[in-house]
Amino acid sequence: MKKIFEKVIEGILMLSGTVTTLTVLLIIFFLFKEGIGLFGKSPTEEGFTVAVNRENPVNELSTDQIKNIFDQNIHNWNEVGGNNDSIILFRMDDLFNYYTEEELAGIDTNMNLLTSKIDEVIDKNKGIIAFISSKEIPQNPNSKLIHIKAIGLGSFFGGKEWFPTAQPVAQFGVYPLLMGTLWVSLLAILIALPFGLATAVYMAEIASPGVRSVLKPVIELLAGIPSVVYGFFGLIVVVPLVQQIFALPVGETGLTGSIILAIMALPTIITVAEDAIRGTPRSVKEASLALGASQWQTIYRITIPYASSGITAAVILGIGRAIGETMAVLMVTGNAAVVPHSILEPMRTIPATIAAELGEAAKGSLHYDALFALGCILFIITMIVNLTVQMISGKRTRNKLR
Amino acid sequence: MKKIIISIIALVVLLSTTQAQKIKGSDTVLPLAQKEAELFMMKNKSARITVTGGGSGVGISSLIDNTTDIAMSSRKMKLSEKMKANASGSTAQEIVIALDALAVIVHPANKVSKLTREQLEGIYTGKIKNWNEVGGDNMTIVVYGRESSSGTYDFFKEHVLDNKNYAASILSMPATGAIVQSVSQTKGAIGYVGLAYIEKNVKAVSVSFDLGKTFVKPSFANAKNKTYPIVRPLFFYHMSTTANLVKPFINFVLSKEGQAIVLAEGYITIK
């Protein structure tokens, strides 16, 4: 009877373990499946295309060139390898500038009329570049499709412009977002680690039970405060403070985000590290003291090395919190998608981008895929951090204790 | 237990017989539509209206897919969207229910109190970087805007930036309230918000859309008499086949009572 009971318990444990692992693997699979969909696609919105006059010698344009043309930074075709002819922009709704309302009556139901009118405009204007629905193209004898380079790994990681909703071509350059994320979370962990570890050591080894019984619940309470509240606190208090101290034009900077993130990561680091330090067996500590080591020497040479794997866990959890935090960062870093040159500039992080933009991205669209690809990057960063920290701490433990 | 079941069944029957309609779309129109729907339902006990946001584009694509009865929108339907909607045979009907003006705000200590459209375009596309280029002090311009999911983002881009892309260096804020807060505490800041959001701790600038000949201050009166240029209509769209279902509510919104709510919510009435 007892054996069957044990077998059942064992089965349940195994099952729950398998299910959890499978779920995690499925989530990762889903993330990467959606993210990879971005690559190899044309950066124009589905169902739309860019066309020019048939006699225009230009066949191919890069996304940067198209953006600059439509932003009116490039005015002449000879700047992109064409004839000396000024560029005329045309969007579907511009049709009403070329024809009167009467001439276009019923255009939204009459496909042939629309097609012929667009074709007429393209035929009449040699320097035109038109952003139109791709349905009209096959029947248009006077227009020529422009070939746009597909999104590749190079333009994704190396691109410095993040304009996911720009028309006619969207730009997905994650370099500024990646840098923003790394800067903000790296500084956050640099601030949080010394403070967190110091507090953990103090609470575990030095503080009297009375102080500890007050400190511990207060610190744990910090972990329970919603991140929006931290963000709001940052916006009202830290942002003006940073602005005044450094005499900046704007207080929403990477540093502001790092400070808020550091405060948010503290409770995690302190709680986990403190538990690890308290887990050091009394006998080991007493042996050290008996050999004549002072309390500080015992903490430094015995307790911390003994608890290093737990402290590592605290660090990983802290970094995880810093890299993945969304709302608070979204509110205080300014979210400008530019490559940062100093920590005192506005930055945009990957989680903030996903949070701000996923709501508007239609399922299956380019933008949606791009946001999932961002998720993949975040996942890979966290994985690398975890592996590195584990490797380092593994070496440490062996060296110090054996 | 029986009572609960009976009441649930009664509720279901009641719901299915009453006129249920769904409204979806622009987050700008959302608070207004919610207030209108609440009052309409109070007056017509049989009416059931659910209002959800999501953005103008979401509302219009739901209208095309037939998953909503009315689409709220803070921009006109695009030609391509109209074509898709009309493909099913019935046509999309457009009703202007209110107007909304966008104001450009700066820090109260800023000397600049008027800007032309061209200057605004320069500032938001990153070509003008210092206030002394537009008649102010020697101070870096800190540009605030909304996230790209916002209809206001699109409207400002189309109407003020002449369809050019925003500069990448713009600080994008998750909400209009955050723009007001940031502008009020940043000396070199500039931002755009709905007229209803203007507070004492920020300064609204006059704008000119005729190359600097006339500058108009953003106010309800100027928006109403059409001298203020950055005004956008707010739309309801519905398909012609559902006209009978949605007409009572739309008529209510356009009525004196409905327009009073428009005013109370900080928008501009159409008449």
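All figures in this text were calculated on a predicted structure; none of them were measured in a lab. (Residues numbered from 1 in each chain as written. Chains lettered and ligands numbered in written order. Predicted model: local features only at pLDDT ≥ 70, side-chain atom pairs only at ≥ 80, totals over all residues. Heavy atoms only, no water.)

**A word on the packing of helix α9 (residues 254–278) of chain A against helix α12 (residues 308–324) of chain A**
Residues and elements named next belong to chain A. Where α9 meets α12, the closest approach of the two axes is 8 Å, and the angle between their N-to-C directions is 165 degrees. On the basis of the axis angle, α9 is roughly antiparallel to α12. Every pair of crossing elements has a handedness; the one defined by α9 and α12 is right-handed. For the pair formed by α9 and α12, the contact residues are Leu261, Met264, Ala265, Thr268, Ile269, Val272, Ala273, Ala276 and Ile277 on the first element and Gly310, Ile311, Ala313, Ala314, Leu317, Gly318, Arg321 and Ala322 on the second. In the contact of α9 with α12, the residues fall into 13 nonpolar, 3 polar and 1 charged. (Axes fitted to C-alpha atoms, helices over the stretch in contact; angles between N-to-C directions. Helix = DSSP H or I, 4+ residues; strand = E, 2+ residues; numbered from the N terminus. Parallel < 35°, antiparallel > 145°, perpendicular 65-115°, else oblique. Left-handed = near helix turned anticlockwise from the far one by under 90°. Contact = heavy atoms within 4.5 Å. Nonpolar A, V, L, I, M, F, W, Y, C, P; charged D, E, K, R; others polar.)

**Structural notes on the interface of chain A and chain B**
If you look at the interface, chain A gives 38 residues, while chain B gives 33 residues. Approximately 3,000 Å² of surface area, both sides summed, lies buried where chain A meets chain B, with 54% of it carried by carbon and sulfur atoms. Linking chain A with chain B are 0 salt bridges. Taken together, the connections running from chain A to chain B amount to 9 residue pairs in polar contact (both at pLDDT 80 or more). Going through the elements one at a time, α2 (63–70), α4 (111–124), α8 (227–246) and α14 (350–357) of chain A are the ones with two or more residues in the side of chain A that touches chain B. Ranked by residues supplied to the side of chain A that touches chain B, first place goes to α8 of chain A with 5 residues. Residue composition of the side of chain A that touches chain B, grouped by class: 20 nonpolar, 8 polar and 10 charged. (Buried area = accessible area lost by both parts, 1.4 Å probe. Salt bridge = Lys/Arg side-chain N within 4 Å of Asp/Glu carboxyl O. Polar contact = N/O pair within 3.5 Å; in protein donor to acceptor, adjacent residues only side chain to side chain.)

**Here we look at the domain arrangement of chain A**
Residues and elements named next belong to chain A. Domains assigned within chain A are domain 1 (48–169) and domain 2 (175–401). Once you take the C-alpha centre of each, domain 1 and domain 2 turn out to be 48 Å apart. Contacts between the two partners involve 9 residues from domain 1 and, on the opposite side, 16 residues from domain 2. Interface area, domain 1 with domain 2, both sides summed: about 910 Å², of which 77% is carbon and sulfur. (Domains from an automatic or database assignment.)

**As for the packing of helix α10 (residues 282–290) of chain A against helix α11 (residues 295–306) of chain A**
All names here are of chain A. Contact pair α10 / α11: the axes reach a minimum separation of 10 Å and the direction vectors enclose 145 degrees. For α10 against α11, the interelement crossing comes out right-handed. In this structure, α10 uses Val284, Lys285, Ser288 and Leu289 to contact α11, whose residues at the interface are Gln295, Thr298, Ile302, Thr303 and Tyr306.

**Here's the deal with a nonpolar patch on the surface**
A cluster of nonpolar residues, Phe232, Phe233, Ile236 and Val237 of chain A, forms a patch on the protein surface that exposes about 340 Å² of accessible area. When its relative accessible area of 35% is taken as the criterion, isoleucine 236 of chain A is described as partly exposed. (Patch = residues over 30% accessible without salt bridge, like charges linked within 9 Å, V, L, I, M, F, W, Y side chains within 5 Å. Areas by Shrake-Rupley, 256 points an atom, 1.4 Å probe, with all protein chains shown as cover. Buried < 20%, exposed > 50% of the residue type's maximum accessible area, 1.4 Å probe, protein only.)

**Regarding the nonpolar core**
Considering soluble globular proteins, one finds that nonpolar side chains tend to be buried as a cluster. All names here are of chain A. Leu38, Trp162, Phe172, Leu374 and Ile377 are the most contacted members of the largest nonpolar core, which totals 37 residues. Only α6 (175–206), α9, α12 and α15 (366–401) provide two or more residues apiece to this core. In terms of residue count, α15 provides more of this core than any other element does, 8 residues in total. When residues of this core are sorted by domain, at least three fall in each of domain 1 (48–169) and domain 2 (175–401). Beyond its immediate chain neighbours, meaning those up to four positions away, isoleucine 377 contacts Phe156, Phe157, Val174, Leu178 and Ile350. (Core = buried A, V, L, I, M, F, W, Y, C linked by side-chain atoms within 4.5 Å.)

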